[in-house]
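Spelled out, the chains give:
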Amino acid sequence: MNERKPGPGRRLRIPTGGAAYHGAVPVPKILLYYAFTPLPDPDAVRLWQRDLCESLGLRGRILISEHGLNGTVGGELSAVKRYLRKTKDYPAFKDLDVKWSEGTGLDEHGMSRDFPRLSVKVRDEIVSFGAPGELQVDSSGVVGGGERLDPEGLHALVGRRDDVVFFDGRNRFEAEIGRFRDAVVPDVSSTREFVAELESGKYDHLKDKPVVTYCTGGIRCEVLSGLMRSRGFGEVYQLDGGIVRYGETFGDDGLWEGSLYVFDGRGSMDFSDHAAVLGHCVACATPTNRMRNCADPSCREQLVVCEGCGESAPDARCGVHAA
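Just so you know, these numbers come straight off a predicted model, no measurement behind them. (Residues numbered from 1 in each chain as written. Predicted model: local features only at pLDDT ≥ 70, side-chain atom pairs only at ≥ 80, totals over all residues. Heavy atoms only, no water.)

1. Examining the packing of aromatic side chains
Next up, step 1: Under the criterion given, the structure shown has 15 aromatic pairs.
Next up, step 2: Where Y246 meets F250, the ring centres are 5.2 Å apart and the plane angle is 45°; that geometry is what we call tilted. Linking Y246 with F250, this pair stays in helix 6 (residues 242-250), spanning four residues, or about one helical turn.
Next up, step 3: On the basis of relative accessibility, which here comes to 0%, the residue Y246 falls in the buried class.
Next up, step 4: Ring centres 4.9 Å apart and planes at 85° place the aromatic pair Y261 and F263 in the edge-to-face group.
Next up, step 5: For F263, a relative accessible area of 49% gives the class partly exposed.
Next up, step 6: Taken together, the ring pairs connect F166, F180, Y214, Y246, F250 and W256 into an aromatic cluster.
Next up, step 7: Sitting over the face of the ring of F233, K207 holds its NZ or CZ atom 5.5 Å from the ring centroid. (Phe/Tyr/Trp six-rings, centres within 6.5 Å; stacked < 30°, edge-to-face > 60°. Helix = DSSP H or I, 4+ residues; strand = E, 2+ residues; numbered from the N terminus. Buried < 20%, exposed > 50% of the residue type's maximum accessible area, 1.4 Å probe, protein only. Lys NZ or Arg CZ within 6 Å of the ring centre and 35° of its normal.)

In structure tokens form, the structure reads like this:
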């Protein structure tokens, strides 16, 4: 088999799909990753990434901009490993921030059941805060972001300071089933609402405190920490690798509580067999970590709905779109 050198501008044709297991037991995996790095030709990267994923039988969602790459892909383990190896061969992505998790399964074609399709798009922002002109990146990542803390460094900070504030960088509904203990959860339903939320004055009392921003995999809080610093928050940190890396390190025996919401078919994931259940069904108040879409097709809100009510009340809607 002849392979071309990977990289933007090269159209890959690799005759190895997700269904080619060569007799081995297929193992479904999901890869979450991002890189902030200048990309002079995002559309060339889009074509390369699309062809690479199609050739390997991967599904998922990849966003590309002049600021970098952000994606989640799923498929058979060997195909996902091959994808990661070839993506990191491109110099701009050699330091890609990567997290692995278990997929729920593969279909009869060897494709991930956790994603309905493959989507690879170019956007103004790889995280849509609505402030593309404010974001600056170089080969080291976001310019002006908060100080990075790994999970151990986070514990060290909390151990020596009693005024540390956890600041959730996700959508409000994600925090309903899991969050860091005593975290501040902004009242936002999308990242585009964060700038107005920060400028509202609600959090000005935190500007002289150590604030640790966190999110699922680290990308949203990397941008958010820079937005906070430019708006007068003096001591801002970002949890490097996000909740996923923290959970890999400490599971449910640290400062994290509950389940982690994920934007794929799994809905949520736990880090151990003793994860706390923080969510309560909107219909019957039963403790649950199960999430589902608002029944209004124009709404992006997610609701906590137990399995029983999900079956008996399929038209459940959020408060804004309640009948």
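Read on for the rest.
2. Examining helix 2 (residues 77-89)
Next up, step 1: The end-to-end C-alpha distance of helix 2 is 18 Å, a good match for the 18 Å that 13 residues give at a rise of 1.5 Å each.
Next up, step 2: Along helix 2, the positions that sit buried rather than exposed are A79, V80, R82, Y83, L84, K86 and T87.
Next up, step 3: Where the residues of helix 2 are buried, they touch strand 1 (28-36), helix 1 (42-56), strand 2 (59-65), strand 3 (68-76) and strand 4 (97-102). (Expected span 1.5 Å × (residues − 1). Contact = heavy atoms within 4.5 Å.)

3. Quick notes on the sheet that holds strand 11 (residues 210-214)
Next up, step 1: The four strands are arranged 8-12-11-9 in an open sheet whose pairing can be described as parallel. Each edge of the open sheet is held by one strand with a lone partner, namely strand 8 (147-149) and strand 9 (165-168). Taking each pair of neighbouring strands and ignoring which way they run, the sheet shows an average axis angle of 35°.
Next up, step 2: Where strand 11 and strand 12 (residues 235-239) come together, four bridges link them in parallel fashion. If you follow P210 over to strand 12, its bridge partner there is E235.
Next up, step 3: Seen against the sheet, helix 5 (residues 219-229) touches strand 8, strand 9, strand 11 and strand 12 and runs at an angle of roughly 175° to strand 12. (Pairing = 2+ DSSP bridges. Axes fitted to C-alpha atoms, helices over the stretch in contact; angles between N-to-C directions.)

4. Focus: the side chain of K29
Next up, step 1: Its location among the elements puts K29 in strand 1.
Next up, step 2: One polar contact links K29 to E102, side chain to side chain, over a distance of 2.6 Å.
Next up, step 3: With sequence-adjacent residues up to four places away left out, K29 is seen in contact with V73, G74, G75, L77, V80, W100, S101, E102 and G103. (Polar contact = N/O pair within 3.5 Å; in protein donor to acceptor, adjacent residues only side chain to side chain.)

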